[in-house]
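# Analysis of the macromolecular model
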Amino acid sequence: MTAFMTRRKSLLVAASAALALSLSACGGSSTSTSNPPVAEKPSFAADTTMAKLSSAGKIVIGTKFDQPLFGQKGLDGKPVGFDVEMGKLIAGKLGIPADKIEWKETVSANREQFIKNGDVDIIVATYTINDKRKAEVSFAGPYYEAGQALMVNKDNTSITKPEDVKGKNVCSVTGSTPAATIVEKYGAVLVPAATYSACLEPLRNKQVEAITTDNVILAGFVAKEPDAFKLASDQTFTKEPYGIGLKKDDTVFRNWINDQLEAFDKDGSYKKAWEATAGTVIKTAPTLPAINRHSRLSAPLPLRQPKEPMDVIIENLPQYWDGFLRTLFLSVVSGIIALIFGTILAAARVSPIAALRGFSMTYVEIVRNTPLTIAFFFAAVVLPRLGVTFQQFEVAAIIALSAYTSAFIAEAVRSGVNSVPVGQAEAARSIGMKFSQVLSLIILPQALRTVIPPMINILIALVKNSSVAGAFYVLELFGYGRQLANANGDAVLWVLVGVAFFYLLITVPLGYVATVVERKVAIAR
């Protein structure tokens, strides 16, 4: 018995150790990253940012929390990735150990504001250096040069360079620079999506042959599903320099960081940080780009006058209009199909045939009591997995919207049928009319008149429900609005005002039509 208990304890210890090892091996844990050397009692000139941070013994670094391989929150709540390692190296040179770094999540919309407000000391967050940003903050570096790349299925051997996508379906976000480049320069056929993650299922189902955007984003997808996807090549075909953001005109601090970046390159720290993080997917180790020292004699960049909020709507009217037309198309086609199918379902619900009544009731109850997202997921993801693919992703959206809306229309029509006096149906049957004749000639004409207001309400809801299509490969009105909001973080309210206005262009006339038709029907009665 003692031997059994001893063996059992040994097995438990071994299992615990194996579990601990497996967890530590996961990329999501920050314990798998390095703790670089910390300088002992570094000396800096008084009143410099370096002296203040070193004296305080802590630093606040902004980084991404959702960018695999560069900055992603780990299982312990701390970020891991190449940007994080670069931040640790800089902190170490200040005499600040990794556990004294406060990591603050930064996204594209708040990076400049965080620096100007002093919420962070530096930002290392796939932060592209450009003239607009240099007017508000300063940059050290660049420390890495990202660029546009291609991601393909693991078994794809036909695409290794951008020239190989000519005439082939390639997925990217509509309106983005990568989308324009792959079409205009390399002749690909663009398959638009609202987000890059929305391109994954079409690629997996081979409805498109590649996805294109920055190699950093694509490498993150590959890291999550290495058995499904791969980068067509480690080489990029555009240039996007990533820098370390800091307060405007803190020249001493910027020059000091630049010196450290060059030192990291010489002593191998830079290469080691890369190989432990992004290098697990992008095998070709990058060389440190030429540091931009910003000559002190150069004239400062002119500050750009902020745009008026309404300019965001006016300058992007083509995008709004394209989204409006897509939404209108989805709504009209789906509405017609839903009206026809919903009326058929209502007729089946009152049919004398038990099987038809059972099918209709089951369908209506299931669809009415499940989220619309489930219908979209089934049409856009499940059907392609079953071999039913659509060259135009709007088809999947129409199927989902029609199938979902028809259940509500069926119930509205059924309520109208029930409002018709039973005596009329009995009188019609007494003179020898069949069920189909009674329904089509006597019941439905009266029933449809009574349900016009609820029917219009359902169609208005359909217009608004079409916004879900933006998450499933269709860039409609709300999808464009989301893109514009991300690109204009200081004018989100006006972006949404523009979206609301174009939705009203559809829904308000619908309400007016309902009022007019209802009056006509009332007079006819």
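Being a predicted model, the structure only gives us computed values, none of them experimental.

### Examining the environment of Ser 331
Position of Ser 331 among the secondary structure elements: in helix H12 (residues 317–349). Look at Ser 331 and you get buried, because its relative accessible area is 8%. Along the backbone, Ser 331 and Ile 398 are 67 residues apart, and their C-alpha atoms lie at a distance of 8.2 Å. Setting aside residues up to four positions removed in sequence, Ser 331 forms contacts with Leu 462, Val 463 and Ser 466. One polar contact links the side chain of Ser 331 to the main-chain carbonyl oxygen of Thr 327, over a distance of 2.7 Å.

### Some points on the packing of helix H3 (residues 82–93) against helix H10 (residues 269–276)
Where H3 meets H10, the closest approach of the two axes is 9 Å, and the angle between their N-to-C directions is 150 degrees. Like other packed secondary-structure pairs, H3 and H10 cross with a definite hand, here right-handed. In this structure, H3 contributes Phe 82, Glu 85, Met 86 and Leu 89 to the contact, and H10 contributes Ser 269, Tyr 270, Ala 273 and Trp 274. In terms of residue class, the contact of H3 with H10 is made up of six nonpolar, one polar and one charged.

### Concerning the sheet that holds strand S2 (residues 66–67)
The strand order across the open sheet formed by three strands is S2-S3-S4, and the pairing between neighbours is antiparallel. Sheet topology places S2 and strand S4 (79–80) at the edges, where each strand pairs with a single neighbour. Sheet analysis places S2 next to strand S3 (residues 71–73), joined by two bridges and oriented antiparallel. By the bridge assignment for S3, Gln 67 is matched with Gly 71.

### As for the confidence of the model for the protein chain
Mean pLDDT over the protein chain works out to 82, with 86% of the residues at or above the 70 mark. Across the protein chain, the element-wise mean pLDDT spans from 39 in helix H1 (residues 2–25) up to 95 in strand S1 (residues 59–63). Long-range and interchain partners of residues 1–32, a stretch whose pLDDT sits below 50, account for 18 contacts in this model, where long-range means more than four residues apart. Overall, residues 295–306 carries pLDDT values under 50, and its contacts beyond four positions in sequence, including any with other chains, amount to nine contacts.

### Some thoughts on the sheet that holds strand S13 (residues 240–246)
With respect to topology, five strands assemble into an open sheet ordered S5-S1-S6-S13-S7, the strand pairing being mixed. Every other strand in the sheet has two partners, leaving strand S5 (101–105) and strand S7 (138–146) as the edge strands with one partner each. The mean angle between the axes of side-by-side strands here comes to 25 degrees, regardless of whether they run parallel or antiparallel. Note that S7 and S13 share six bridges and pair antiparallel. Bridge pairing in S13 places Ala 140 opposite Ile 244. Docked against the sheet, helix H8 (residues 215–224) engages strand S6 (122–128), S7 and S13, running at close to 55 degrees with respect to S7.

How each quantity is defined
Within each chain, residues carry numbers counting from 1 in the order of the written sequence. Thresholds applied to this predicted model are a pLDDT of at least 70 for local features of residues and 80 or more for the giving and counting of side-chain atom pairs; totals over whole chains, interfaces and linings are not thresholded and use all residues. Side-chain measures were taken over the full set of non-hydrogen atoms in the model, leaving aside hydrogen atoms and water. The way it works is that DSSP assigns letters per residue, a run of H or I at least four long becomes a helix, a run of E at least two long becomes a strand, and they are numbered from the N terminus. Burial status follows relative accessibility: with a 1.4 Å probe on protein chains alone, a residue under 20% of its type maximum counts as buried, one over 50% as exposed, and anything between as partly exposed. Throughout, a contact is declared for two residues whenever any of their heavy atoms are within 4.5 Å. Any pair of nitrogen or oxygen atoms within 3.5 Å is treated as a polar contact; in protein, a donor-acceptor pairing is required on top of that, and neighbouring residues in sequence qualify only through side-chain atoms on both sides. Helix axes are fitted to C-alpha atoms over the stretch in contact, other axes to C-alpha atoms as well, and angles between N-to-C directions run from 0 to 180 degrees. Left-handed describes a crossing whose near helix is turned anticlockwise from the far helix through less than a right angle; right-handed describes the clockwise counterpart. Lys, Arg, Asp and Glu make up the charged group, whereas Ala, Val, Leu, Ile, Met, Phe, Trp, Tyr, Cys and Pro make up the nonpolar group; the residues left over, Gly among them, are polar. One bridge is not enough; two strands pair if DSSP finds at least two bridges between them. A score from 0 to 100, pLDDT tells how confident the predictor is in each residue.

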